[in-house]
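Here is how the chains run, residue by residue.
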Amino acid sequence: MTADSSGLRALLRVKRKNYFFCAALFLGSALFHFLITGGFGPALPLYFGWSACFVVLGAGVGAAWIPPGVANGLSVVISLGGTMGIIHLTGGPASPYFPLLSSVPLIIALFTPMSRGPTLMASGATLVAVLVLDVLSGMPVRTMLMQVASLGSLGVLAMFGAQTYRRMSDAEKAAQQERLVAQQERLAVLEQLAESERRRLQAERERAEVERLVLVGQLAAGVAHEVNNPLAFVKSNLSFLERELRQEGGPVDVLELRDVVAETQDGVLRIQQIVMDLRRFSREIDEGDEGRAEDAIQEAKRLASVRLRGLGDVSLEIGAGLPLVKLGQRHLVQVLLNLLVNAADAVEDAEPARRAAIAVRARQVEGGVRLEVEDNGPGIPQEVLARLFEPFFTTKPPGKGTGLGLALCREYVSRVDGSLHAENRPEGGARFVLWLPVAVREPASAAA
């Protein structure tokens, strides 16, 4: 069953209920007539016939045997006939029921507000009925005209009321339709916003991935050198151990052999640490929403040493007992590594050439942890300083930078209500200042 057929059936049920209500009302009027006059007289068959006609109309409309328009017209004719019969039998224009004629157009307008025809027909038929009753009673023409005029005014009022109701109903339907359309448009807009947000997040993840891989690419050039150094003395120590073990009967210095083994283990651990750091940094791993500044500084220093090679050193000044910060560990390492690589690039391009002296400081301040990365490069020009954190802005030559590194760093920091800014040191070089709020953990009892 479709929605239209369901609505039509509901409308027919309402009309059937209206006709049955009118039939019951006519029976009640017969009872009232009996109580007032002490008997039914000839009006009783009219009341019962009137009521029976409306029962038939209600049943026919409810069962869809009689079209609603036809039923409306028949109800007008039956109501006027019944009213005229009762008035004629109870005294004509002098009957106490004569005022009922004036209410016929209003009643019809009440029951058929969406159709103008029944009200217009009821108004015209009422005027004709009044004229017939007046003529049968021998009423003067002047009085007749006054009655017709007053009843005509009531008919006009009934039609105006029905028209007003129709307009209000149409306006309400139009408003509901507009609200429905507006709601659908809002839903469509919300879906578009959700899709745009999804795409934005996807683009952001891809952008962050690209920048991280760019950093890995910049570090890859120095990996061979960092691995070759410990690998060289590992090979040398293994050769020494082989020669010592081949000597037959000669003296063996156990302490020296232990030192050689320890150096070899240190070299292997150094190679392993470089590979592990680079592998962990290049992979997209969710390490939570908290970071440990000291561990992140150490890891970023190890990774940056691949880029620095023999360019210079990184000195650390880390305060004791630093609390956890809100920024996740992977993002914290990425931010610090970006700052260290930028510092190395700045010193490498400095003129005259100099040995890099990069310092990283971390200490606890009110409400968070303050980290500083300083270099002894040429500093940042004022025209560049204002645009340093803009996306895709870079002073590096093509192929060496994307212009996303510092922009992403500030974005990561801003998300956790932190701050990142750059300034020039009075003694020369640049300083990047990073402030991160402390990660507040819920008490164990509250979490439980």
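Structure first, text after, so check above.
Residues numbered from 1 in each chain as written. Predicted model: local features only at pLDDT ≥ 70, side-chain atom pairs only at ≥ 80, totals over all residues. Heavy atoms only, no water.

Undergrad: Honestly, helix α3 (residues 68-89) in this entry has me stumped. Any pointers?
TA: Because an α-helix packs 3.6 residues into every turn, residues spaced three or four apart end up facing the same way. Compared with the 32 Å implied by 1.5 Å per residue over 22 residues, the 31 Å span of α3 between its first and last C-alpha is a close match. Restricting attention to buried positions, one finds in α3 the residues A71, N72, G73, S75, V76, S79, L80, G82, T83, G85, I86 and I87. Directly beyond the C-terminal end of α3, a positive phi value near 120° is found at G91. (Helix = DSSP H or I, 4+ residues; strand = E, 2+ residues; numbered from the N terminus. Expected span 1.5 Å × (residues − 1). Buried < 20%, exposed > 50% of the residue type's maximum accessible area, 1.4 Å probe, protein only.)

Undergrad: Sorry, what's going on with the packing of aromatic side chains here?
TA: Each aromatic ring pair is described using two quantities: the centre-to-centre distance and the angle formed by the ring planes. Summed over the entire model, instances satisfying the criterion amount to 1 aromatic pair. Where Y19 meets F54, the ring centres are 5.8 Å apart and the plane angle is 50°; that geometry is what we call tilted. Here Y19, found in helix α1 (residues 3-37), pairs with F54, found in helix α2 (residues 43-62); they are 35 residues apart in sequence, far enough to count as distant. (Phe/Tyr/Trp six-rings, centres within 6.5 Å; stacked < 30°, edge-to-face > 60°.)

Undergrad: What am I meant to see in the pattern of salt bridges here?
TA: Opposite charge on two side chains allows them to pair when their charged atoms are near. Counted by the stated rule, this structure contains 14 salt bridges. We note a salt bridge from R425 to E374, for which the minimum N-O separation is 3.6 Å. Taken as a pair, R425 in the loop between β4 (419-424) and β5 (430-437) and E374 in strand β3 (residues 368-374) lie far apart in primary sequence, 51 residues in all. One exposure class covers both R425 and E374, and it is buried. Here E411 and R415 are joined by a salt bridge, their closest N and O atoms 3.0 Å apart. With E411 and R415 both in helix α11 (residues 405-415) and 4 residues apart, the pair spans about one turn of that helix. E411 gets classed as partly exposed once you look at its relative accessible area, which sits at 24%. On the accessibility criterion, R415 (44% relative accessible area) is partly exposed. (Salt bridge = Lys/Arg side-chain N within 4 Å of Asp/Glu carboxyl O.)

Undergrad: Would you mind going over the environment of F48 with me for this structure?
TA: Inspection of the secondary structure puts F48 in helix α2. Here the alpha-carbon distance between F48 and A30, two residues 18 residues apart in the chain, equals 8.0 Å.

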